[in-house]
Amino acid sequence: MQGRTTLEQAFDEKAWRAAAEENRRLSDEQTLEAANVNITVPDKPIEPPREIPGGGHAEAFLRREAERDGVSLADKRREVEAAGFGAYVLDGLKRGRIGFTEAWNALETSFIEVLRLAYSNGATELTPDDIAMFTGRPNKLAETIRSDPRLVFREIAFTPSFDPDGASPQFAEIAYDPQVRNAPVVICQHGGYPGSRLMELGTMRRLAAQGVFAIAVSKRGRDGSAGRPDAWGTETADIVDALDHCARHYADHLDPTNVTVRGGSGGGLDAISLLVRYPDRFRCVVAFFGYAELIPMIEQAFSPQADALLKADPRTAGSIRAVRRFAYDSGYGRPGYPDRRLARTLTLAAETNPYAQVHFVWDEDDPLSPMMDRWFEEFRAAAERMGSRNVHLHRSRRGDTLRYPHWMVPDNDAFDRFYLPAILSRTVPAPVLAPAGVLTVPGFLKTRRFEIVLGAGDDAVARVGYELGVDEGTFHFRRLSSDPAVRGVLRFRSLRRRPLAVRINGTLAAEPSTREWVECGVGLDDSVVIGVHDRAGA
């Protein structure tokens, strides 16, 4: 299976399914979360470095320590050299005298190495409850959070818009202050793959205590939700389906026009997917170390180096298994995969959303930082080409007061200052789709005025030029994916419920309809005109 990457070679469906199921089984046994714990929490203590690093950050740390203790720099240096630099820093971290980022900067090494030093020497603790939160298992910490007397925590069940028969019910969790009305909404999406919403409970409590209606969605195949994950394809819609359910059933408590989505890692990818597929639904989008493209990780996970790592260290195999799992879930190795991959290449749609206030957040130490630099700069540059300054890049680096690593640390919570006051004060405007423009549709796209689903919703891409009036809409499709046989569905919302007709490539394709939503099938290179019957024929 591994070497089969071209469509010209014969495809063996049975072998592909066997490989995918075997990897799924191994991924359940060797989870991503377990791999992360095994990587960051060594079996034996690691000897802290004795020498003071030669970079300027360690020297700056020594100066701050000397000033804090009211001693000379020379005296502080002698004290630290006697204790050993690493031991001194870790002792300060353990006692709470210095923060994690300060220790990270001072040690002048990678984030993972600092975690390993901290955990293995008792400077930082990862409790069994913490680990259970990562893996979605019941634990006392989750019970404590949910029992906060100020707040309501509740699991909700809803029906998804994609595959409602095969993927129902879906589950999500909400948290809110019952005394607050018309609260802004923040959707908190977890990382990992498949992952669990339990890891977002702490964030939900923190936000709900500040007057936010918080939602964490367990997309299909997670935490008991029906269906199977499809690696950020149509499952993205599950998140908005949960939002719509809450808007119907908790209308007194939330403002459905003031919605933010935030997420990290896989949850950051959720946030980016929502940014480009729902351009007029979110006031703020906050993506912590999210992935705008999957193929770099997939290629690494199926490389000979990855095979060697799987054999060398099964304790850390879960990270590779998880990537292979979402590769298979996205159709990797199957006929048609290039188009499925294209529908998950979200940088193609970088110009789709010049409306939301967007924050991309990551650290230079992230293994994928060079790619994140490129991806997020593409979004910023695309917004500027549209005349918008809505995309903000927050790339932290060694020496910064706040850093945003690929792990749950206080600095990531502190990022609330960049978006939470604005949504609580409602100073970020609600997104309003422009009456005309060009959009890239990565599988599907939904706005308040029209919706487009291409193929199965995750296996085709098209650019669509559109122009909207009160009772009319014009759409020009241009296919970007390879299969000309794939068709799509266009739904157009009638604001005044007048009889609307549909003409495709100049030919009447549907009789006039007074329904709220007018629907028609389209080819991915078609031109569609929808309007009042006498105008549509003009």
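Residues numbered from 1 in each chain as written. Predicted model: local features only at pLDDT ≥ 70, side-chain atom pairs only at ≥ 80, totals over all residues. Heavy atoms only, no water.

Our next topic: the overall build of the chain. Counting its regular elements, the chain contains 20 helices and 18 strands. Compactness check: the chain gives a C-alpha radius of gyration of 25 Å against a globular reference of 24 Å for 538 residues, within 12% of the reference. For the chain, the spread of C-alpha atoms along the principal axes amounts to about 90 × 60 × 45 Å. For the chain, the residues scored as buried account for 55% of the 538 residues in total. Sequence separation of at least 24 residues holds for 72% of the intrachain contacts in the chain that already meet a minimum separation of 6. Surface exposure of the chain reaches about 22400 Å², of which carbon and sulfur atoms provide 51%. On the chain, the mean spot of the 69 positive side-chain charges and the mean spot of the 75 negative ones are 2 Å from each other. (Helix = DSSP H or I, 4+ residues; strand = E, 2+ residues; numbered from the N terminus. Rg over C-alpha atoms; globule rule 2.2 N^0.38 Å. Buried < 20%, exposed > 50% of the residue type's maximum accessible area, 1.4 Å probe, protein only. Contact = heavy atoms within 4.5 Å. Areas by Shrake-Rupley, 256 points an atom, 1.4 Å probe, with all protein chains shown as cover. Lys, Arg positive; Asp, Glu negative; His and termini not counted. Charge placed at Lys NZ, Arg CZ, Asp CG, Glu CD.)

For the rest of this paragraph, the subject is the environment of Ala142. By the secondary structure assignment, Ala142 is in helix α9 (residues 140-146). Once the C-alpha coordinates of Ala142 and Arg262 are considered, the two residues, 120 residues apart in sequence, prove to be 20 Å apart. Ignoring sequence-local partners within four residues, the contact set of Ala142 consists of Met133 and Leu201.

Its place among the elements puts Arg197 in the loop between β3 (183-189) and α10 (201-208). Engagement of the side chain of Arg197 in a polar contact is seen with the side chain of Glu173, the distance being 2.9 Å. When sequence neighbours within four positions are dropped, the list of residues in contact with Arg197 reads Arg146, Glu155, Phe171, Ala172, Glu173, His190, Ala216, Ser218 and Asp223. (Polar contact = N/O pair within 3.5 Å; in protein donor to acceptor, adjacent residues only side chain to side chain.)

Right, let's get into the nonpolar core. One finds Phe213, Ile215, Ile298 and Phe360 to be the most contacted residues of the largest nonpolar core, which totals 102 residues. With seven residues, helix α17 (residues 369-385) is the single largest residue contributor to this core. (Core = buried A, V, L, I, M, F, W, Y, C linked by side-chain atoms within 4.5 Å.)

A few words on the confidence of the model for the chain. Chain-level pLDDT for the chain is 94 on average; 97% of the residues reach the 70-or-more range. Predicted confidence is poor over residues 1-8, with pLDDT under 50, and the contacts of this stretch with residues over four places away or in other chains come to 19 contacts. (pLDDT = per-residue confidence, 0-100.)

Bringing the layout of surface pockets into the picture now. Estimates place the volume of the second largest pocket at around 510 Å³. As for the second largest pocket, its lining consists of 25 residues, and the residues nearest its centre are Arg228, Pro229, Asp230, Tyr328 and Asp329. Those elements that place two or more of their residues in the lining of the second largest pocket are α1 (13-29) and α15 (318-329). Here the lining of the second largest pocket gets five residues from one element, more than from any other, and that element is α1. Tallied by class, the residues present in the lining of the second largest pocket amount to seven nonpolar, five polar and 13 charged. (1 Å grid on protein atoms, 1.4 Å probe; cavity = no way out; pocket = protein on both sides within 12 Å on 5 of 7 lines; lining within 4 Å. Points joined across faces, edges and corners; volume = space filled by probe spheres on them. Nonpolar A, V, L, I, M, F, W, Y, C, P; charged D, E, K, R; others polar.)

This paragraph deals with helix α8 (residues 128-135). Those residues of α8 lying buried are Ala132, Met133 and Phe134. Gly136 occupies a position one or two residues after α8 and carries a positive phi of about 80°.

The next point concerns empty space enclosed by the protein. Empty space left among the atoms is revealed by rolling a probe the size of a water molecule over them. Under the counting rule described, the total for this entry stands at two cavities of 30 Å³ or more. Put simply, the largest cavity is a space of about 40 Å³. Considering the residues around the largest cavity, the lining is formed by Leu275, Val276, Ala349, Ala350, Asn353, Val358, Phe379, Ala383 and Val391. Among the elements of the structure, α12 (266-277) and α17 are those that each provide at least two residues to the lining of the largest cavity. Classifying every residue of the lining of the largest cavity gives eight nonpolar, one polar and no charged. In this structure, the second largest cavity encloses a volume near 30 Å³. The wall of the second largest cavity is formed by His190, Gly191, Gly192, Pro194, Lys219, Arg222, Trp232, Gly266, Gly267 and Asp270. When the residues that make up the lining of the second largest cavity are grouped by side-chain class, the tally is two nonpolar, five polar and three charged.

Let us now look at the packing of helix α3 (residues 56-69) against helix α5 (residues 85-95). Interaxial distance between α3 and α5 falls to 13 Å at its minimum, and their mutual angle equals 55°. By the angle between their axes, α3 is oblique relative to α5. The element α3 and its partner α5 pack so that their crossing is left-handed. Between α3 and α5, the contacting residues are Ala58, Phe61, Leu62, Glu65 and Asp69 on the first element and Phe85, Tyr88 and Val89 on the second. When grouped by side-chain class, the residues that make up the contact of α3 with α5 number six nonpolar, no polar and two charged. (Axes fitted to C-alpha atoms, helices over the stretch in contact; angles between N-to-C directions. Parallel < 35°, antiparallel > 145°, perpendicular 65-115°, else oblique. Left-handed = near helix turned anticlockwise from the far one by under 90°.)

Turning our attention to the sheet that holds strand β12 (residues 461-468). Taken in spatial order, the six strands line up as β9-β12-β13-β18-β15-β16 in an open sheet, and their pairing is antiparallel. The sheet terminates laterally at β9 (436-442) and β16 (507-513), the two strands that pair on one side only. Looking at each pair of strands side by side, their axes are set apart by 20° on average, direction ignored. With seven bridges joining them, β9 and β12 adopt antiparallel strand pairing. Each bridged residue has a counterpart across the sheet, and for Ala436 the counterpart in β12 is Glu467. (Pairing = 2+ DSSP bridges.)

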